[in-house]
Amino acid sequence: MNILDKITLDKRKEVELRKSLIPTSQLEQSVLFERPTVSLSDKLRNSKTGIIAEHKRRSPSKSVINHTLSVQDVAQGYEDAGVCGMSVLTDGKYFGGSLDDLLTARASCNLPLLRKEFIIDEYQLLEAKAYGADVILLIAAILTREEIKKYSEFAKSLNLDVLLEVHNEEELHKSIMPSLDMLGVNNRNLKTFDVSLNTSKSLSTLIPNDFVKVSESGISNTEAIKELQPYGYQGFLIGENFMKTDNPGASATAFIKSLL
Ligand SMILES: O=P(O)(O)OC[C@@H](O)[C@@H](O)c1c[nH]c2ccccc12
């Protein structure tokens, strides 16, 4: 079984447990349910840099990235740096994150927040909203076209932006639909962890221009961004490059400065 299958199997069990403890009616009572969301896709369209900076403690491909930072400092640092949005990993078992991290980020900054999660149930979209997210991620590799449609339309009804992630042509063709805002190309193969910016380059022409194009993973310098911009990318999701340092906010500041 590949790692992605393993993660989704665990996720299904986890979501069933969570559902049995916290009913959707309780999630809907969160004060954050009434909060007006901020559109990440609009911000990316109007940005020269398009950086989405991620909070990530560890990953299946890297057991330790950073375990000592506070989410609050990271969120405030990213906001001060002038990033367009922040991605917060909420998976616990494989990434060391939590919904509490999302809530802390929400309390710490006004950036649009992406709930970075393996979404396999509508319940997780209600959680995203209740814990302060503005954007949700849908991963084409683990969803059918029907599921992508159902979850993206439900997200839109909650005023959440939708980032759909693909890694190859087949996933892209399966996924194109009007209820998506952004199309993300993951440069990392989630089954093998191989990383190549060529994935973003080769898929770019197949993405219709009505979607904001986002290049995800393995971006470790500003040259990579300069290389990807001519392919139409307006968003760049960066995790490890910032998180591996003692001060991710300062790293993001320097990164953005050298881009402008
Ligand atoms: O740390 P990186 O290589 O800059 O990557 C960030 C982000 O793209 C990556 O964390 C990611 C992209 N898609 C995902 C899906 C699930 C978990 C994590 C991810």
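Placed above this text is the structure.
Residues numbered from 1 in each chain as written. Predicted model: local features only at pLDDT ≥ 70, side-chain atom pairs only at ≥ 80, totals over all residues. Heavy atoms only, no water.

Engineer: Tell me about the overall build of the protein, residues and numbers included.
Structural biologist: Across its full length, the protein carries 12 helices and eight strands. Radius of gyration (C-alpha) of the protein: 17 Å, near the 18 Å computed for a compact globule of 260 residues. Reported as C-alpha extents along the three principal axes, the dimensions of the protein are approximately 50 × 40 × 35 Å. Among the 260 residues that make up the protein, the fraction classed as buried is 56%. Of all intrachain contacts in the protein linking residues separated by at least 6 positions in sequence, the fraction that spans at least 24 positions is 68%. Surface exposure of the protein reaches about 11,100 Å², of which carbon and sulfur atoms provide 49%. Charged side chains in the protein number 31 positive and 35 negative. The centres of these two groups are separated by 2 Å. (Helix = DSSP H or I, 4+ residues; strand = E, 2+ residues; numbered from the N terminus. Rg over C-alpha atoms; globule rule 2.2 N^0.38 Å. Buried < 20%, exposed > 50% of the residue type's maximum accessible area, 1.4 Å probe, protein only. Contact = heavy atoms within 4.5 Å. Areas by Shrake-Rupley, 256 points an atom, 1.4 Å probe, with all protein chains shown as cover. Lys, Arg positive; Asp, Glu negative; His and termini not counted. Charge placed at Lys NZ, Arg CZ, Asp CG, Glu CD.)

Engineer: Could you give me a rundown of the layout of surface pockets, with the residues and numbers involved?
Structural biologist: Each pocket or cavity is described by its volume, and for the largest pocket that value is around 400 Å³. In terms of lining, the largest pocket is formed by 31 residues, of which the most central are Glu54, Lys56, Lys116, Arg188 and Ser217. For the lining of the largest pocket, the elements supplying multiple residues, two or more each, are helix H1 (3-21), strand S4 (135-139), strand S8 (233-238) and helix H11 (240-243). Taken together, the residues that form the lining of the largest pocket break down as 14 nonpolar, eight polar and nine charged. (1 Å grid on protein atoms, 1.4 Å probe; cavity = no way out; pocket = protein on both sides within 12 Å on 5 of 7 lines; lining within 4 Å. Points joined across faces, edges and corners; volume = space filled by probe spheres on them. Nonpolar A, V, L, I, M, F, W, Y, C, P; charged D, E, K, R; others polar.)

Engineer: Quick rundown of the site of the ligand? Include the residues and the values.
Structural biologist: Around the ligand, 16 residues are found, and the nearest of them are Glu54, Glu165, Arg188, Ser217 and Gly239. Here a nitrogen atom of the ligand and a side-chain polar atom of glutamate 165 are 2.7 Å apart. Side-chain polar atom of glutamate 216 to a nitrogen atom of the ligand: 3.4 Å apart, as the coordinates give it. About the coverage of the ligand: the protein hides 98% of its 440 Å² of free accessible area. The site holding the ligand turns out to be the largest pocket. In terms of residue class, the shell around the ligand is built from five nonpolar, four polar and seven charged. (Near = heavy atom within 4 Å. Polar contact = N/O pair within 3.5 Å; in protein donor to acceptor, adjacent residues only side chain to side chain. Sits in = over half its atoms within 2 Å of the grid points.)

Engineer: Would you mind going over the pattern of salt bridges in detail, with residue names and values included?
Structural biologist: Here the structure, examined in full by the defined rule, presents 21 salt bridges. Lysine 156 serves as the salt-bridge partner of aspartate 181, at 2.7 Å between the closest nitrogen and oxygen. A residue pair is termed long-range when its members are at least 10 positions apart, and aspartate 181 in the loop between helix H8 (169-175) and strand S6 (182-186) and lysine 156 in helix H7 (residues 145-157) qualify at 25 residues. Residue class for lysine 156 comes out partly exposed when judged on its relative accessible area of 31%. Members of the salt-bridge network, linked through shared partners, are Lys11, Glu14, Arg18, Asp91, Arg115, Glu117 and Glu127. (Salt bridge = Lys/Arg side-chain N within 4 Å of Asp/Glu carboxyl O.)

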